[in-house]
Amino acid sequence: MNEQLQDPDQWYQQGIAFDEQGRSANAIACYSKAIELQADYYEAWVRRGLALMLLGDFQPAIANFNQAVALKMDLDLAWYLKAYCHAQMQADDFALLALQKAVALNPTQWIEMALRETAFDALRTDPRFQVLMTG
């Protein structure tokens, strides 16, 4: 990593490159630097949350997704990933609330994804999930 970079976009792009190489710790460090340089860089908050999520660090991932949606409320991807993390932690009510927001923003994509996602298996018998999945 080039510590001399002062452009948050360059840090963000370097983080993506590390992500693509499966080097999550390096990617997280790059996204953190991008956020340090530009606190409202919501894309970096989402990508750092995703990297943490893939490492199984669900609580810190949720904190990153929360920050992203605080900056840009209509980030359906962040809402969906937040739902996924909550489902992985068996926080069903929180998972359903976040999933509801993701589906409201982009029903075509997230209903289809949620129906296939095994993380939501425990929710499939919940009437709230069933209503949400019928659009």
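A brief structural summary. (Residues numbered from 1 in each chain as written. Predicted model: local features only at pLDDT ≥ 70, side-chain atom pairs only at ≥ 80, totals over all residues. Heavy atoms only, no water.)

1. Here's the deal with the pattern of salt bridges
Enumeration according to the criterion identifies 7 salt bridges in this entry. Its salt-bridge partner being arginine 116, residue glutamate 112 comes within 2.9 Å of it at the nearest N-O pair. Within this pair, glutamate 112 and its partner arginine 116 are both found in helix 7 (residues 107–116), separated by 4 residues, close to a single helical turn. Since its relative accessible area comes to 53%, arginine 116 is described here as exposed. Between arginine 128 and aspartate 126 there is a salt bridge, with its nearest N and O atoms 2.7 Å apart. For arginine 128, a relative accessible area of 44% translates into the label partly exposed. The buried category is assigned to aspartate 126, whose relative accessible area is 16%. A single salt-bridge network, built from bridges that share partners, covers Asp93, Asp126 and Arg128. (Salt bridge = Lys/Arg side-chain N within 4 Å of Asp/Glu carboxyl O. Helix = DSSP H or I, 4+ residues; strand = E, 2+ residues; numbered from the N terminus. Buried < 20%, exposed > 50% of the residue type's maximum accessible area, 1.4 Å probe, protein only.)

2. With respect to the environment of asparagine 66
Inspection of the secondary structure puts asparagine 66 in helix 4 (residues 58–71). As a C-alpha pair, asparagine 66 and leucine 5 span 61 residues in sequence and 27 Å in three-dimensional space.

3. Things to note about helix 2 (residues 24–37)
In a regular helix each residue adds 1.5 Å, so 14 residues correspond to 20 Å; helix 2 covers 20 Å between its end C-alpha atoms and thus fits that length. When helix 2 is considered as a whole, its buried residues turn out to be Ser24, Ala27, Ile28, Cys30, Tyr31, Lys33, Ala34 and Ile35. Next to the buried residues of helix 2 lie helix 1 (8–20) and helix 3 (42–54). (Expected span 1.5 Å × (residues − 1). Contact = heavy atoms within 4.5 Å.)

4. Quick word on the packing of aromatic side chains
Per the stated rule, a full pass over the model turns up 6 aromatic pairs. With a centroid separation of 5.8 Å and an interplanar angle of 50°, the aromatic rings of tyrosine 12 and tyrosine 31 are classed as tilted. Remark: tyrosine 31 occurs in helix 2 and tyrosine 12 occurs in helix 1; sequence separation between them is 19 residues. Each ring, one from tyrosine 80 and one from phenylalanine 120, has its centre 5.8 Å from the other, and the planes form 75°; the classification is edge-to-face. Linking tyrosine 80 in helix 5 (residues 76–88) with phenylalanine 120 in the loop between helix 7 and helix 8 (127–133), this pair joins segments that are 40 residues apart in sequence. For tyrosine 80, a relative accessible area of 4% corresponds to the buried category. Of the residues examined, phenylalanine 120 reaches a relative accessible area of 0% and is grouped as buried. Taken together, Tyr80, Trp110, Phe120 and Phe129 form an aromatic cluster joined through their ring pairs. (Phe/Tyr/Trp six-rings, centres within 6.5 Å; stacked < 30°, edge-to-face > 60°.)

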